[in-house]
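# Remarks on the overall topology
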Amino acid sequence: MLMTVILKRPTRRAMLALRLLTSLSLTSLLSTSLLLANAAWSAEDRSAQRVLYLQALELQALELQSPSQTQSFEYRSVVEQLNDYPLLPYLEYASLSHRIAELAAPGIDHTPVDEFLTRNVGTYLGERLEREWVLALAEQARWSDVVDRHNKSNTTTELTCHALRARLETGDTSALQDVAPLWNVAVSQPNVCDPVFKTWIAAGYPTPDIAWQRFEKTLKADQDSLANYIAQQMPAREQELAQLYMRVDSEPQTLHDLPGFQVPVDTPEMKAIILHGLRQLAQSNATQAMTLLKRDDFDQTLSEAERVELERFIIMRLLTQGRVNEAETLLQGTPALISEALGGWILRDALKQQDWARIETWLDLLPGELRDSERWQYWRARMLVEKDTRESRAEARELYTTLAELRSFYGFMAADFLERDYEMVDKPIEVDPAQVDALTDIPAIERAHELYLIGEEASARAEWQHATAGMPEEQIIASGKLADSWGWHRNGIQAMIQVSYWDDLQLRFPLAYADIVAEAADENDLTPHLVFAIARQESAFMQDVRSSAGAMGLMQLMPATAQQTAKGVGMQITNQDLFRPEVNLQLGSRYLSQLMEQFDGNRILAAAAYNAGPNRVKRWLEEAGETPVPLDIWIETIPFGETRGYVQNVLAYSVIYGYRMGRAIELLTDDEAGGV
């Protein structure tokens, strides 16, 4: 029966079932039904269960799509063999979720929903079905049931609005007191909230203060139409101020005429208008904004914190608008204004010009905490080397010696200067084996493991996150070790992040998909540690991850790039194929190899192009001119902060992966060290 179903419907789950079948011996396959009757499961038994579960999913999908007695019988016969398999609730959930609207109709027996929620209280699936059930009840206008069933600790904005309406519909007017936090947000809420908002507004609840707060939020969020709508609902005084606010937002030059507005500048509303208007003006003319800020009637209305934040914003706009001397003069006059962003911008500008005297000046002006960071300690050492006196060389060596103790980009660069080995600081985190074993007895962890093994990684993550939420630190550590032992490396990495432990290199830099990486690297003339480094930086080995920009899989390939790369090697792929490690790593390595070829084998330029695109990197090279730029300077002055950090991480990760693979890898090759 199993083989018949799979052959008729070769879906992803069916193909996985076939792979699982091949892992079972003929004897165990023939005796599957007998094995499943036992209470204690061996690894072989559990593998047989997975095959049956996948078959049940296939049969259930067919039955839900077009019910038939034959399919129903086959489905029930398979489910009966699963006994206490951890994922049985998923089959029941799928059936109930499919029928949720029908079960919520008046007069229909919904006992199956109640029983499921009782058995699965506090679980991921239980909470998921609970939300669906409340929504279905609301859509049937069963308001008393919505009041009874809505769980404030397991809700969404949509469900909260339904629950508030349910309270109002059942005569509980105290619900109006809970509406303000829902209404007072920067964006439009779901349409289901409209009846509640209408009743709330008609009852006179939105005070001028609350209305002003929401108006300001929506305007700052560029929700102009919504801001205008809210302004029209305000009392006359606030409406007039709102109109002025919107005028200043669109025409910040209006601030020059502020004395003619005949509105006191010391009111909270006018302070907000001034602050917003100056920021808007600074976007186009930072010099004018700074001049206006210094006016007594403006400056005296602001608190010290507000003034400092605004001045920093305006100075950054001065820098980006090319008014560098003006910005530097202001900062040198008030060093307390210097931040990482402002000081870093000026120092990178000086590095581009290799103006070491200016670099020294601004390193000295940095606040102590910034000055002592490894980034700026490295550049102080570089500056001292360029200064080239006996004292400066000695001080530089001392700084480099301290930095070289670190496992980081700057630490490795310092070690290269000193011509010494890199410090890996590899200290596996201590964990009690009993705690790791105890985790496997937690049903949610068991479900997460089974879901992971059958390829349902999104559901596996949801179960895992639900299970580990709120765990004490020692259990988080144990969970990381457990996940890593399964090959679920992303969770091991995440566990170390949660407990802020950075020195367990096996967990933080796993040799995931090692055979596939080795093959992909070999076929594309790359080193495995570089492929590992890119994949670790891009996805932390989440094979099914999709970025907000649409990049997919382990090496975060954009679909168009993947299609073009695949076409070049005669492959035909779908977007879903990019979630398969063997496909993603092969195409990602192929694309990386093409970038290496474009940029003459330079990993730094290729890595920057992988993150920001090759055309941007070519433009940055053109802007740098023909004079070779020291490579550390080129990296530090990459215009995009994200790409700057990306390149530094990829280089450092390559070294770490070399160590993990038993190979001594240089941070920079001789050719790369020669500059860009």
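Remember, predicted model here, so these are calculated numbers, not experimental data.

Calculation rules
- Residues numbered from 1 in each chain as written.
- Predicted model: local features only at pLDDT ≥ 70, side-chain atom pairs only at ≥ 80, totals over all residues.
- Heavy atoms only, no water.
- Helix = DSSP H or I, 4+ residues; strand = E, 2+ residues; numbered from the N terminus.
- Buried < 20%, exposed > 50% of the residue type's maximum accessible area, 1.4 Å probe, protein only.
- Contact = heavy atoms within 4.5 Å.
- Areas by Shrake-Rupley, 256 points an atom, 1.4 Å probe, with all protein chains shown as cover.
- Lys, Arg positive; Asp, Glu negative; His and termini not counted.
- Charge placed at Lys NZ, Arg CZ, Asp CG, Glu CD.
- Axes fitted to C-alpha atoms, helices over the stretch in contact; angles between N-to-C directions.
- Parallel < 35°, antiparallel > 145°, perpendicular 65-115°, else oblique.
- Left-handed = near helix turned anticlockwise from the far one by under 90°.
- Core = buried A, V, L, I, M, F, W, Y, C linked by side-chain atoms within 4.5 Å.
- Phe/Tyr/Trp six-rings, centres within 6.5 Å; stacked < 30°, edge-to-face > 60°.
- Lys NZ or Arg CZ within 6 Å of the ring centre and 35° of its normal.
- Salt bridge = Lys/Arg side-chain N within 4 Å of Asp/Glu carboxyl O.
- pLDDT = per-residue confidence, 0-100.
- Polar contact = N/O pair within 3.5 Å; in protein donor to acceptor, adjacent residues only side chain to side chain.
- Expected span 1.5 Å × (residues − 1).
- Arc of directions from axis to C-beta.

## Points about the overall build of the chain
Looking only at helices and strands, one finds 43 helices and zero strands in the chain. With the principal axes as the frame, the chain shows a C-alpha extent of 80 × 75 × 50 Å. Across the 676 residues of the chain, 49% fall into the buried class. Taking as baseline every contact in the chain between residues at least 6 positions apart, the subset at least 24 positions apart corresponds to 59%. Of the accessible surface of the chain, which amounts to about 32,400 Å², a share of 49% is contributed by carbon and sulfur atoms. Averaging the locations of the 62 positively and 97 negatively charged side chains of the chain gives two centres separated by 2 Å.

## Looking at the packing of helix α24 (residues 356-365) against helix α26 (residues 374-387)
Their axes nearest at 10 Å, the elements α24 and α26 cross at an angle of 140 degrees. If you check the angle between α24 and α26, you find them oblique. Considering how the two elements wind past one another, α24 and α26 form a crossing that is left-handed. Of α26, the residues touching α24 (which contributes Trp-356, Ile-359, Glu-360, Leu-363 and Asp-364) are Trp-376, Trp-379, Arg-380, Arg-382, Met-383, Glu-386 and Lys-387.

## With respect to the nonpolar core
Counting 148 residues, the largest nonpolar core has Phe-215, Tyr-610, Trp-634 and Leu-667 as its most contacted members. Of the residues forming this core, the biggest block, nine residues, is contributed by helix α42 (residues 641-660). With residues near it in sequence (within four places) discarded, Phe-215 still touches Ala-227, Ile-230, Ala-231, Met-234, Ala-242, Tyr-245 and Met-246.

## Things to note about the packing of aromatic side chains
What the rule picks out here adds up to 20 aromatic pairs. Arranged with centres 5.8 Å apart and planes meeting at 75 degrees, the rings of Trp-464 and Trp-486 form a pair that is edge-to-face. Taken together, the residues Trp-464 in helix α31 (residues 457-468) and Trp-486 in helix α32 (residues 473-486) connect sequence positions 22 residues apart. Grouping residues by exposure puts Trp-464 and Trp-486 together as buried. Chaining the aromatic ring pairs together yields one cluster made of Tyr-378, Trp-379, Tyr-400, Phe-409, Tyr-410 and Phe-417. The residue whose ring lies beneath Arg-317 is Phe-313, and the NZ or CZ to ring-centre distance is 4.9 Å. Cation over ring: Arg-536 sits above Phe-509, and NZ or CZ is 4.9 Å from the ring centre.

## A closer look at the pattern of salt bridges
One pass over the structure, following the stated rule, counts 38 salt bridges. The shortest N-O distance in the salt bridge between Asp-178 and Arg-167 comes to 2.9 Å. Taken together, the residues Asp-178 in the loop between α12 (157-169) and α13 (180-183) and Arg-167 in helix α12 connect sequence positions 11 residues apart. A single network of salt bridges, built from pairs that share partners, joins Arg-46, Arg-50, Glu-446 and Glu-450.

## As for the confidence of the model for the chain
Chain-level pLDDT for the chain is 91 on average; 93% of the residues reach the 70-or-more range. Across residues 1-10, where pLDDT falls below 50, the model places 19 contacts with residues more than four positions away in sequence or in other chains. A low-confidence stretch, residues 24-40 stays under pLDDT 50, and its non-local contacts, those more than four residues away or across chains, total 22 contacts.

## Structural notes on the side chain of Asn-154
Structurally, Asn-154 can be placed in the loop between α11 (143-149) and α12. Residue Asn-154 is classed as buried on the basis of its relative accessible area, which comes to 6%. Here Arg-131 takes part through its side chain, which lies 2.6 Å from a polar atom of the side chain of Asn-154. If we ignore the near neighbours within four places in the chain, the residues touching Asn-154 are Glu-127, Glu-130 and Arg-131.

## What about helix α27 (residues 390-403)?
Spanning 14 residues, α27 covers 20 Å between terminal C-alpha atoms, matching the ideal 20 Å at 1.5 Å per step. Turning to α27, its buried residues number three or more, namely Ser-392, Ala-396, Leu-399, Tyr-400 and Leu-403. Buried residues along α27 cover an arc of 100 degrees about the axis, so they all sit on one side. When the buried face of α27 is taken as reference, the exposed residues oriented beyond 90 degrees from it are Arg-390, Glu-391, Glu-398 and Thr-402. For α27, the secondary structure elements touched by its buried residues are α26 and α28 (409-418).

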